[in-house]
Structure formats: C-alpha cells, structure tokens
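Letter by letter, the chains look like this.
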Amino acid sequence: MNVADLLTSLRQQVRRRAYIRRLDLLEQTASLLKARLYIAPELFIQVYRNDRFDTINLVLIHNGQRLYGRDQLGGKWHRHNQTAPDRHDTSPDGQQPVTLSEFLDEVEMVLAAMGLP
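These lines cover the structure that appears in this document, whether it is placed above or below. (Residues numbered from 1 in each chain as written. Predicted model: local features only at pLDDT ≥ 70, side-chain atom pairs only at ≥ 80, totals over all residues. Heavy atoms only, no water.)

**Here's the deal with the side chain of Gln46**
And then number 1: In this structure, Gln46 sits in strand β3 (residues 43-50).
And then number 2: If we ignore the near neighbours within four places in the chain, the residues touching Gln46 are Leu26, Lys34, Ala35, Arg36, Asn57, Leu58, Val59 and Ile61. (Helix = DSSP H or I, 4+ residues; strand = E, 2+ residues; numbered from the N terminus. Contact = heavy atoms within 4.5 Å.)

**Focus: the pairing of strand β6 (residues 76-80)**
And then number 1: The buried fraction of β6 amounts to 4 of the 5 residues, a majority that puts the element mostly inside the structure.
And then number 2: Summarising the sheet, strand β5 (residues 65-73) and β6 pair through 5 bridges and their orientation is antiparallel. Paired with Asp71 across the two strands is His78, which belongs to β6. (Buried < 20%, exposed > 50% of the residue type's maximum accessible area, 1.4 Å probe, protein only. Pairing = 2+ DSSP bridges.)

**A closer look at the sheet that holds strand β4 (residues 55-62)**
And then number 1: Taken together, 6 strands build an open sheet; the order of strands is β1-β2-β3-β4-β5-β6 and the sheet is antiparallel. In this open sheet, the two strands that pair with only one neighbour each are β1 (22-28) and β6. Put simply, the sheet's adjacent strands are angled 10 degrees from each other on average, direction ignored.
And then number 2: For β3 and β4, the ladder comprises 8 bridges, and the chain directions are antiparallel. The residue bridging Gln46 from the neighbouring strand is Val59, located in β4.
And then number 3: Along the sheet face, helix α1 (residues 3-16) touches β1, β2 (32-40), β3 and β4 and points at about 15 degrees away from the line of β2. (Axes fitted to C-alpha atoms, helices over the stretch in contact; angles between N-to-C directions.)

**Examining the environment of Arg79**
And then number 1: For Arg79, the location among the structural elements is in strand β6.
And then number 2: In terms of polar contacts, Arg79 uses its side chain to reach the side chain of Asn81, at 2.9 Å. (Polar contact = N/O pair within 3.5 Å; in protein donor to acceptor, adjacent residues only side chain to side chain.)

**Some thoughts on the packing of aromatic side chains**
And then number 1: Going through the model one piece at a time under the given rule, you end up with 2 aromatic pairs.
And then number 2: On the basis of an interplanar angle of 45 degrees and a centroid distance of 5.2 Å, the ring pair of Tyr38 and Phe44 is categorised as tilted.
And then number 3: Ring centres of Tyr68 and Phe103 lie 5.8 Å apart, and the angle between their planes is 20 degrees; this geometry places the pair in the stacked category. One end of the pair, Tyr68, is in strand β5; the other, Phe103, is in helix α2 (residues 100-114), and 35 residues separate them in sequence.
And then number 4: What makes Tyr68 buried here is its relative accessible area of 4%.
And then number 5: Residue Phe103 is classed as buried on the basis of its relative accessible area, which comes to 0%. (Phe/Tyr/Trp six-rings, centres within 6.5 Å; stacked < 30°, edge-to-face > 60°.)

**Remarks on the side chain of Arg70**
And then number 1: You can see Arg70 is positioned in strand β5.
And then number 2: Polar contacts involving the side chain of Arg70 include one to the main-chain carbonyl oxygen of Asp93, which spans 3.3 Å.
And then number 3: Leaving out residues up to four positions away in the same chain, Arg70 has contacts with Ile56, Asn57, Leu58, Trp77, His78, Arg79, Asp93, Gly94, Gln96, Val98, Phe103 and Glu106.

**Structural notes on α2**
And then number 1: Between its first and last C-alpha atoms α2 spans 21 Å; for 15 residues at 1.5 Å apiece the expected length is 21 Å, and the two agree.
And then number 2: Listed as buried for α2 are Leu100, Phe103, Leu104, Glu106, Val107, Val110 and Leu111. Seen end-on, α2 carries its buried residues on one side only, within an arc spanning 160 degrees. The exposed set on the far side of α2, more than 90 degrees from its buried face, consists of Met109, Ala112 and Ala113.
And then number 3: As for α2, its buried residues are in contact with α1, β2, β3, β4 and β5.
And then number 4: Positioned one or two residues after α2, Gly115 has a phi angle of 70 degrees, which is positive. (Expected span 1.5 Å × (residues − 1). Arc of directions from axis to C-beta.)

Right, dumping it as structure tokens:
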C-alpha cells in the first residue's frame, strides 16, 4: 500500500463507516502521508505512511494514549494489543499484514470491548 493507495482507501473508509466523523490530512507529500480519522474529539485513528522507508503505522488513540495499533517497519509487521499497547506483539498473528479496512475492523472490536463509541 503506497501513499496514493492509502489516501484513496482513507476516503473510501470514511464514506463506508458512519462512526468516522471526519478525515484530517495532517501532512502529505508524494511519498508521505499522515492523517487522522476522528471518531470523537479525543478518540481517533492516526495513519502514517512513508513510501521511501516502507513504513506504515496504524494506531487507535484515546485521550492521548495508544489503545491499539499495527505497524510495518521495513516490510515486517507487529501489533500493539489493547491489553499491552506499549509492547510489540511479534507472534504469528501480530506479524500478519493488514489493510486499512482490516485494521478498522479490528478497531471496531477493540472499541466494543472497551465500551467506547
């Protein structure tokens, strides 16, 4: 998933998922994208992609704290579980690549489990 594909996917997901209130593009170049999908003022999904370094970060943030995330660094994935969001889960499940849509499906489960909107 490169920056252009990710931007297209972000816009599609905003239209498909009613709980996403807005998309903010924080930074965008030909090879870099940083965006936020707001669910509530202090609850959002931050998305970062850098094509040059083959890096993607997908993270659910509430009140300034990471609740859940998936990262790809140099082609290798890891997960930040909601039970230990500061740790890298490099288990086989944690290393599975995810699309933006798949990550948002995971976020929905995390939000439901935590009783958040």
